[in-house]
Amino acid sequence: DAKTTQPTSMDCAEGRAANLPCNHSTISGNEYVYWYRQIHSQGPQYIIHGLKNNETNEMASLIITEDRKSSTLILPHATLRDTAVYYCIVMGSNYKLTFGKGTLLTVNP
Amino acid sequence: GAGVSQSPSNKVTEKGKDVELRCDPISGHTALYWYRQSLGQGLEFLIYFQGNSAPDKSGLPSDRFSAERTGGSVSTLTIQRTQQEDSAVYLCASSLWVSSYNSPLHFGNGTRLTVT
């Protein structure tokens, strides 16, 4: 599975949009981009995934560039409860998920 | 609907004792996975089930670890003769299908195992 690169940490003001970037320049044509987050002492929470089109659900939006080498997770109105480590994963046929270091998003009041 | 449920949420055991960890997947999910996460570390794959079969047990750390799944639903992870290095959070996940790029894994909140 392709490797991903994410910033170590980001800050966001409560109520503002949080935009979390991810680079996956070695992604293959049939690999999906997945986003999970993990709040301390909880299991990883699935957020959203996509192949090449932008996706939106009740939690977030996922913007994938046309060349698919990078993506951005958007939390439109961040709340304090969105403070977590966010993981960008490229998933192919390998179900053995590998979480990197992720991005620690801190939402400030 | 209910998510993945794991029990117990916390387990403290003495070195050398056996423990059983339980996972109830999301109803209708055919695939079930066990991972573990040590303090400050990433996810470590242990085993997965497709239905009641476990095609890949390659992640089990030793023969002290075993898992079964019955009725295509509940799964139990058993650790015999526990050691201190077994201390970790054991996470269960389920998905509609296995080996599908388009089938997200949904995780439970884990069982925190502490071996004293």
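Just so you know, these numbers come straight off a predicted model, no measurement behind them. (Residues numbered from 1 in each chain as written. Chains lettered and ligands numbered in written order. Predicted model: local features only at pLDDT ≥ 70, side-chain atom pairs only at ≥ 80, totals over all residues. Heavy atoms only, no water.)

Focus: the packing of aromatic side chains
Consideration 1: According to the stated counting rule, one finds eight aromatic pairs over all chains in the structure shown.
Consideration 2: Aromatic pair A:Tyr34 and A:Tyr36: ring centres 6.4 Å apart, planes at 15°, arrangement stacked. (Phe/Tyr/Trp six-rings, centres within 6.5 Å; stacked < 30°, edge-to-face > 60°.)

Remarks on the interface of chain B and chain A
Consideration 1: Across the boundary between the two partners, chain B contributes 20 residues, which contact 19 residues of chain A.
Consideration 2: Between chain B and chain A the total buried area reaches about 1800 Å² when both faces are included, carbon and sulfur atoms providing 56% of it.
Consideration 3: Its largest share of buried area at the contact with chain A, chain B owes to B:Leu43, B:Tyr101 and B:Phe107, together 34% of the area lost on that side.
Consideration 4: On inspection of chain B and its partner chain A, the count reaches zero salt bridges.
Consideration 5: Going through the elements one at a time, β4 (31-37), β5 (43-50) and β10 (106-107) of chain B are the ones with two or more residues in the side of chain B that touches chain A. (Contact = heavy atoms within 4.5 Å. Buried area = accessible area lost by both parts, 1.4 Å probe. Salt bridge = Lys/Arg side-chain N within 4 Å of Asp/Glu carboxyl O. Helix = DSSP H or I, 4+ residues; strand = E, 2+ residues; numbered from the N terminus.)

What about the sheet that holds strand β7 (residues 70-75) of chain A?
Residues and elements named next belong to chain A.
Consideration 1: Spatial strand order, β2-β7-β6-β5: four strands in an open sheet with antiparallel pairing. Edge positions in the open sheet fall to β2 (18-23) and β5 (55-56), since each of these has one partner strand only.
Consideration 2: For β5 and strand β6 (residues 61-64), the ladder comprises two bridges, and the chain directions are antiparallel. Bridge pairing links Glu55 to Leu62 in β6. (Pairing = 2+ DSSP bridges.)

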